[in-house]
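What the coordinates show
These are the residues of each chain, in order.
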Amino acid sequence: MEFKQKIIVGLCVLLCGICIAQNKLASSFTLEECITIAIEKNLDLKGAELRRKSSKINYKNTVNSLLPNLNANYNLGINKGRSIDPFTNSYSDSEFTFSNFGMNLRLTVFNGFRMLNSIKQSKFNLKAAQMEQEEAKQNLILDVTIGYIQILNNRDRVILTKARLKTTEAQLKRLKSNYIEGAGNPADYNDIQGQYALDKVAIIDAENSFKSAVLDFVRLLNIEGESQNEFENISGLINTNKYVFTASDVYRDALQNLATFKSRQYRIDAADKGIRAARGGYYPEIALFGQLNTNYSSLAETFQETGASIVETGDFVTINNQDFPVLKNQKQFVGNKINYTDQFDNNMSTVVGVSVNVPLFNGFRAKNTIGLQKIRLEESELEFKNTKLRFKQSIDQAYNNMEAAFDKYRVLQEQVIAYKESFRINEVRFNNGVSNIVAYVTSKNNLENAQLNLNTAKYEYVLRVKVLEFYRGV
């Protein structure tokens, strides 16, 4: 019994450990986990995937156009009134049941390479859709990374404002004690109370910005109920080293690596194949065809001889002025209905042949189709040029912003060092009664504002670098 109790206790401890570990994991997000969730759940990325699947089906359809067309038809009905009996091909006023069956086979042998070029066009469109899906994925990863860094920025801002409040709170306790004892200037106590309230407002604003950043991030990931999660600093994510690549390096890598440029090039290739496919409308189309037909009629019969009889023909001969009827020997038959299966076998017919369709005049349809495809090609080329120009300008601007952010970050580092020493001196002077509270609060605010600005500049620089790395395709 004691052994069983130990087992039960051990299992309970193990289960509790698992639950605690799961709760810990559930309350913490790394950047890699966020990217994985976004790729799985983001709706825009799902839309790009659906467009890629549609292009794949279109490609399969064009490939299958090389296969022969085989179709079958079957009819069964009842005919009333005067009509042609399908068995005898003669008019009949009888009601009868009819049925027919046919199969048609058609295989295009040549059509000016229209189908082959259409297949190549669809293949390029499929590749373009795949690259556009990859482009959407790359954009999503960038958005997630930026959103994640913004969360870290706002989280650090909350930490800094809370530390700011603690510094003010320590002075508030000291001055309150002096106020109660009647020592010092009572106005200093009131001023520090006002500063304490101001620091509380700063915390409220910082926490609100943090919550807003988290909510935006949650919407980007398309998840719910995760707004209380922690976000971990990733090793190497926050790197303030000077960026080593030039704007030309970034643009060169972007042209080689970004899916955006690859998709635009594939659209150009697809449009070019579309022109070649449209030119097939000028050429004759050669095809092989075959047919198989049969039918059934309920009036169809076979006749079996059952004997003979002598009947008058209606004619007569005159012998010695006396008319004698002309007789003949007439065979007797009985009709037997031909069954359904036998008629289908007996009435079978086949046709094979070659058809040639020569386009002599089609209302300039082929010419206009080629013209439209040429315009589409020019549009694709123009879009590609605009994309390169737009990216070049964006990269140049992003690079300038990165350099400005780096310079600002370095200057603010020096400012924080200077304000730290100034605050240290003013705090000592104020605590010893040598300086007044105005100098102390001014020095304190200068340091804390500089720290907040430095934190913002640090994350701004990291964001600018991440944007440039996105352009490089890494």
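Residues numbered from 1 in each chain as written. Predicted model: local features only at pLDDT ≥ 70, side-chain atom pairs only at ≥ 80, totals over all residues. Heavy atoms only, no water.

**Brief notes about the overall build of the protein chain**
- Scanning the protein chain from terminus to terminus reveals 10 helices and 10 strands.
- Whereas a compact globule of 474 residues would reach a radius of gyration of roughly 23 Å, the protein chain reaches 45 Å, over 25% beyond that.
- Projected onto its principal axes, the C-alpha positions of the protein chain cover 175 × 80 × 45 Å.
- Within the protein chain, buried positions represent 33% of all 474 residues. (Helix = DSSP H or I, 4+ residues; strand = E, 2+ residues; numbered from the N terminus. Rg over C-alpha atoms; globule rule 2.2 N^0.38 Å. Buried < 20%, exposed > 50% of the residue type's maximum accessible area, 1.4 Å probe, protein only.)

**Quick look at the packing of helix α2 (residues 31-41) against helix α4 (residues 114-181)**
- The interhelical angle for the contact between α2 and α4, taken along N-to-C directions, is 140°, at an axis separation of 10 Å. With respect to each other, α2 and α4 are oriented oblique. As for the relative orientation of α2 and α4, their crossing is right-handed in sense. Across the interface between the two elements, Leu31, Cys34, Ile35, Ala38 and Ile39 of α2 pack against Lys137, Leu140, Ile141, Val144, Thr145 and Tyr148 of α4.
- Class assignment for the residues of the contact of α2 with α4 results in 9 nonpolar, 1 polar and 1 charged. (Axes fitted to C-alpha atoms, helices over the stretch in contact; angles between N-to-C directions. Parallel < 35°, antiparallel > 145°, perpendicular 65-115°, else oblique. Left-handed = near helix turned anticlockwise from the far one by under 90°. Contact = heavy atoms within 4.5 Å. Nonpolar A, V, L, I, M, F, W, Y, C, P; charged D, E, K, R; others polar.)

**Let's talk about the side chain of Ser55**
- Mapped onto the secondary structure, Ser55 falls in helix α3 (residues 43-64).
- What makes Ser55 buried here is its relative accessible area of 13%.
- Those residues in contact with Ser55 that sit more than four places away from it in its chain are Asn125, Leu126 and Ala129.

**Some details on the sheet that holds strand β10 (residues 349-357)**
- The strand order across the open sheet built from 4 strands is β2-β5-β7-β10, with neighbouring strands paired in antiparallel fashion. Only two strands of the sheet have a single neighbouring strand rather than two, namely β2 (69-79) and β10. Ignoring strand direction, the axes of neighbouring strands in this sheet form an average angle of 20°.
- Where strand β7 (residues 285-297) meets β10, 9 bridges bridge the pair, whose relative direction is antiparallel. Bridge assignment links Gln291 to a residue of β10, and that residue is Val351. (Pairing = 2+ DSSP bridges.)

**Notes on the packing of α4 against helix α7 (residues 259-279)**
- α7 packs onto α4 with a crossing angle of 165° between their chain directions and a minimal axis gap of 8 Å. Put simply, α4 runs roughly antiparallel to α7. The handedness of the crossing between α4 and α7 is left-handed.

**Concerning a nonpolar patch on the surface**
- Among the surface-exposed residues, Leu107, Val109, Ile286, Leu288, Val354, Val356, Val358, Leu360, Phe361 and Phe364 lie close enough to one another that they form a single nonpolar patch of about 990 Å² accessible area.
- Secondary structure elements with two or more residues in the nonpolar patch: β5 (96-110), β7 and β10.
- Assignment of secondary structure puts Val358 in the loop between β10 and α9 (365-431). (Patch = residues over 30% accessible without salt bridge, like charges linked within 9 Å, V, L, I, M, F, W, Y side chains within 5 Å. Areas by Shrake-Rupley, 256 points an atom, 1.4 Å probe, with all protein chains shown as cover. Salt bridge = Lys/Arg side-chain N within 4 Å of Asp/Glu carboxyl O.)

**Here's the deal with the packing of aromatic side chains**
- Applying the stated criterion across every chain yields a total of 15 aromatic pairs.
- Pairing Phe430 with Tyr440 gives two aromatic rings, centres 4.9 Å apart and planes at 20°, and the pair type is stacked. Placement of Phe430 in helix α9 and of Tyr440 in helix α10 (residues 437-472) is noted, with a sequence separation of 10 residues between them.
- Taking relative accessible area as the criterion, Phe430 reaches 5% and is therefore assigned buried.
- On the basis of relative accessible area, Tyr440 is assigned to the buried category, the value being 0%.
- Their ring planes at 50° and their centres at 5.6 Å tell us that Phe470 and Tyr471 sit as a pair that is tilted. Each member of the pair, Phe470 as well as Tyr471, is classed as buried.
- Its end group placed over the ring of Tyr251, Lys392 keeps NZ or CZ at 5.8 Å from the ring centre.
- The ring of Phe245 carries the charged tip of Arg472 above its face, separated from the ring centre by 3.7 Å. (Phe/Tyr/Trp six-rings, centres within 6.5 Å; stacked < 30°, edge-to-face > 60°. Lys NZ or Arg CZ within 6 Å of the ring centre and 35° of its normal.)

**What to know about the environment of Asn329**
- Along the chain, Asn329 falls in strand β9 (residues 322-337).
- When the C-alpha positions of Asn329 and Gly314 are compared, they lie 13 Å apart, and in sequence the two are 15 residues distant.

**A look at the confidence of the model for the protein chain**
- Averaged over all residues, the pLDDT of the protein chain equals 86, while 90% of them reach at least 70.
- With pLDDT under 50 throughout, residues 1-27 is counted as low confidence; its partners more than four residues away or in other chains account for 4 contacts. (pLDDT = per-residue confidence, 0-100.)

**Some details on the pattern of salt bridges**
- This structure, assessed with the given rule, holds 22 salt bridges.
- In this structure, Asp249 engages Arg252 in a salt bridge whose closest nitrogen and oxygen atoms are separated by 3.0 Å. Linking Asp249 with Arg252, this pair stays in helix α6 (residues 247-257), spanning 3 residues, or about one helical turn.
- The partner of Asp396 in a salt bridge is Lys392, and the shortest N-O contact between them spans 2.9 Å. With Asp396 and Lys392 both in helix α9 and 4 residues apart, this pair spans about one turn of that helix.
- The class for Lys392 is partly exposed, based on a relative accessible area of 31%.
- Salt bridges linked by common partners bring Asp249, Arg252, Asp253, Glu469 and Arg472 together as one network.

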